Amino acid sequence: MNIKVLIADDDFDNRTIVQEALAASDYVVLSAADGQEAWQRIQTDKPDIILLDLSMPKLNGWDLARRVRQDPALSHLKLIAFTAHALAGAEVKAKAAGCDDYIAKPCLPKDVVARVNSWVEQTRELGAKTPAV
Amino acid sequence: MGSNGMSQRYCVLVIDDEAGLRDMLQFGLTDRGYRVVVAASGEEGLEKARHEKFDLVVTDIMMTGLDGVAVLKGIKEIQPQAEVIMATGYATLETAVESMKQGAYDYISKPYGLDQLCVLFDKAVERRHLKDQVGRLEELNRLKSEFLANMSHELRTPMNAIIGYASLMLDRLYGDLLPKQEQGLKRIETNARNLLQLINNILDLSKLSAGRMPTYIEPCDAKAIVEEVVATMASLAEERKLRLVTDVPAGITLNSDKTKLKQVLINLVGNAIKFTHEGTISIKVETLTGPARVRIFVQDTGIGIKDEDIALLFEEFKQLDASPTREYAGTGLGLSISKKIVELLGGAIRVKSAVGVGSTFIVTLPMQAPRPDDLPVAKPSGGCGTPLDKVILSIDDDPEVLSLLADNLQGTGYRFVGASNGQEGIALARQLHPHAITLDIMMPHLDGWSVLRLLKNDPQLRAIPVFIVSIMENKALGFSLGVTDYIVKPFDRQELISKLQACDKPPRTILVVDDDPDISRLLDEALHRDGYTVVMAANGQEAIRQMAARKPDVLLLDLMLPEVDGFEVLQHIENNPTLQGIRIFVMTAKNLTLKENTYLEQRVEMIVQKGSRDLTEVLDLLKTKLDAVKEVSA
Amino acid sequence: MISDSRPILDILVVDDEPGFRNLLQWELEYRGMRVQTASNGVEALAKAATNAFDAIITDITMPEMDGLRFLENIKRRAPQTPVIIATGFGAIETAVYAIKEGAFDFVLKPYDLEYLISQVRQAVARVNERRAPGRTGHGQ
């Protein structure tokens, strides 16, 4: 599989854990430590799926999501939000900002992989092209 | 008085184009201890307001140039905390309403007496103090919420890392593992999971206690929720070879918080599984009327709970098995959280159990959960509940006194909570709804009288009896402000306890509906003796009228009445949501048909057959029921 | 029927005079609002207990429970719901008292209908402003 996943999170450990888990399932993994870096990576490396933490410095997850959704060329990107905040309504807000899915931390790495797998399956079933243009 | 006991002089700005009135007010108010500044026109008044802070402003309305309402608006922009009183000889409804809407404190017609004005001043100043108080408490609350939100994030992030790495390693992503390594990692994972659960519980509890747990009210399908819960818990039950069955009719929908409901059910089912070695766990849901409620039963065939332990069950951190082996591991928080959540949703939870047989947890919820925006209905602060529920809140700046009160209340069945200042006390009163409050008068910052006023002005707290515990004895003032009683220091333990217990049984209103005058008279006398307020009605129509005038706590209803009979009265109650919550006891000499019996059973607390017993027996039965620990109604 | 792109407002009209109630109900419904009525304070409280209203318009002189008592009660149970008093009883003290007790406005009958309607809309707008933007009206 040559599906590219971008993990954007300022938490070093979470980035590492998710990276390891996804790499073991044959995904190509890119990482960014803040929202701005993530945005740059999206332009240059063209990932298919983005896992983004909602509270990052420089450009937080919500704003990043909104920016992505404003760009029609990026409409194929799947956005999966996660956060350690236990705010009620965070899921609703994330989806309102344009995220496709939401995972609450702490989460098991294998659950993250499973979620990414299911989005890949869904996209395939819809017949859309999976690799980025 | 223009100055209070703390010798603070209030500043008043007088704006009036009439020189005579200005002089009179200046003289008269200065005499009463106020600091007075005068202005002859609206413009002058605003100019003065720009240079000096005022506590109070009294302004004429009809003036050349800027009129009173314009002045009011101006002042509110420059000094929003100043309380403005409009005074005028030419009162019109429109200006009055407009002034009040723009934030005036009050409206007084000329000519007025100086005393009248000063009374308004006192009230206005008091309102200002209360507003400041509320502002500070709101700020405190906001800080608390922020702290909770931050904490939750801070705690979850490292947990994620621990759980994540352990999981990766166990999945062999970091290479193969020796058996001992695997074991060690599994222990890390289990402990991490327990820690996470504990963190979640503590955060939930903090949120619930701080009143910061928002609820999302939406239509909830009971059957769907129970099915989801079963899906989550099925494998756990299977592991322990237990059967998990449900009995939930379709079509039961209640307006409540879906996520929290599931949380409670998962907690109850989880406990049931934990404490059951073999057999079945069943979940059953039914609907009730009078008022409209949903009742959920979670029953197990487990080890059961001892009678003496039942009272402790919902307490925080209490675990029934404190033995070193700790066969049933857990944090002891789950049930207390469940209880708080159920109560937040307007309901109640209780348990029935027999050792060696099993336990049944019963959750009763209203069909409509209370709206989060509205103030909760003031909970009865006296009377019902096990003794351990009765909290005595003591507000005193002297730690010795608090300690003494705590000691004196040991073993009396009351739970003691102390606060060392008025602000803390009021915040705790709002959280705990104590059975009674003892209050010291001489305290710095916010003295006892101010605290008393704050308590009596708060609709949620004003029903709580307040006892002044003080060396001072200003009883007249105290009673006029709403004090229940005085306990003079140094106090006697017996006196303290007997005075606190005196507010245990507040006189309750009973409406007795019976067309037989002999019976009504007997009931009246007997109930009166026991401290109830008795209202009588001789027929159904009158009963309905009496209930509209004043809603009784208890209704003793004879079924056979002229014109409008007992059944029609019951029907009226059912059709009238404002009459929800009345405890209904039906008495009748009639032989009821099965249909009538069933109809009544669903709507009343008890049916008494007059024919089969004599009146004293009936009375005893009623009294036992009335005096028994009330089922907390949802 | 004047159509409105704004959300439908639920209004409770409380007055013991049926002619008055019906007239106001008709006028409000014509403007696209959903109206329920009550003929006294007790009935009004009962309706408010099971319905969420965006605004309440109430008379003062009514049997069973008058408008001021009703105002006190409703402010305890649903403090966010704006209440407008529309009465023939025009004493200034009453008006001042009503506003202090939390009424949004106080108008004398016969009143200017357009003014009343604009006050209703203003009151609702004020309440929505106070809530954080994007709130659906339930939790936070």
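The structure contained in this document is the topic of the report that follows.

Calculation rules
Residues numbered from 1 in each chain as written. Chains lettered and ligands numbered in written order. Predicted model: local features only at pLDDT ≥ 70, side-chain atom pairs only at ≥ 80, totals over all residues. Helix = DSSP H or I, 4+ residues; strand = E, 2+ residues; numbered from the N terminus. Buried ≥ 20, exposed ≤ 12 C-beta atoms within 10 Å, placed from the backbone. Contact = placed C-beta atoms within 7 Å. Nonpolar A, V, L, I, M, F, W, Y, C, P; charged D, E, K, R; others polar. Axes fitted to C-alpha atoms, helices over the stretch in contact; angles between N-to-C directions. Parallel < 35°, antiparallel > 145°, perpendicular 65-115°, else oblique. Left-handed = near helix turned anticlockwise from the far one by under 90°. Arc of directions from axis to C-beta. Core = buried A, V, L, I, M, F, W, Y, C linked by C-beta atoms within 7 Å. Pairing = 2+ DSSP bridges.

### Here's the deal with the overall build of chain A
Per the secondary structure count, chain A includes 5 helices and 5 strands. Reading the helices (α) and strands (β) of chain A from amino to carboxyl end gives β-α-β-α-β-α-β-α-β-α. By residue count, 35% of the 133 residues in chain A fall in the buried class. The long-range fraction of contacts in chain A, counting pairs at least 24 apart against all pairs at least 6 apart in sequence, stands at 61%.

### Comments concerning the interface of chain B and chain C
Of the residues lining the interface, 21 residues belong to chain B; the matching set on chain C comes to 23 residues. Elements with a minimum of two residues in the side of chain B that touches chain C: helix 4 (93-101) and strand 5 (106-109) of chain B. The greatest single-element share of the side of chain B that touches chain C, amounting to 5 residues, is contributed by helix 4 of chain B. Residue composition of the side of chain B that touches chain C, by class: 14 nonpolar, 3 polar and 4 charged.

### Examining the packing of helix 1 (residues 12-24) of chain A against helix 5 (residues 114-170) of chain B
As a packed pair, helix 1 of chain A and helix 5 of chain B sit with axes 9 Å apart at the nearest point and diverge in direction by 25 degrees. By the angle between their directions, the pair helix 1 of chain A and helix 5 of chain B is classed as roughly parallel. Of the two elements, helix 1 of chain A crosses helix 5 of chain B, and the hand of that crossing is left-handed. Along the contact surface, helix 1 of chain A presents D13, N14, I17, E20 and A21 of chain A, while helix 5 of chain B presents N160, A161, G164, Y165 and L168 of chain B.

### A look at helix 3 (residues 61-70) of chain A
All names here are of chain A. Listed as buried for helix 3 are G61, W62, L64, A65 and V68. Down the axis, helix 3 shows its buried residues gathered within 165 degrees of arc, on one side only. Each element contacted by the buried residues of helix 3 is listed here: helix 2 (35-45), strand 3 (49-53), strand 4 (78-83) and helix 4 (90-97).

### What about the nonpolar core?
As a rule of thumb, nonpolar side chains are buried together in soluble globular proteins. Ranked by size, the top nonpolar core spans 73 residues in total, and within it V12, L56 and I85 of chain B together with I11 and I84 of chain C carry the most contacts. Apart from residues lying up to four places away in sequence, I85 of chain B is in contact with L56, V58, A104, Y105, D106, I108, L120 and A124 of chain B. Of all hydrophobic cores here, the second largest spans 38 residues; its members include I3, V5, Y27 and I80 of chain A.

### Looking at the sheet that holds strand 1 (residues 10-14) of chain C
The strands making up a sheet associate through backbone hydrogen bonding, with each pair oriented either parallel or antiparallel. All names here are of chain C. Strand order in the open sheet formed by 5 strands is 2-1-3-4-5, with parallel pairing between adjacent strands. Of all the strands in the sheet, the pair left with one neighbour each is strand 2 (34-38) and strand 5 (105-108). Neighbouring strand axes in the sheet, compared pairwise and without regard to direction, differ in orientation by 20 degrees on average. Bridge count between strand 4 (residues 83-87) and strand 5: 4 bridges; the pairing is parallel. Within strand 5, the residue paired with A86 across the bridge is V107.

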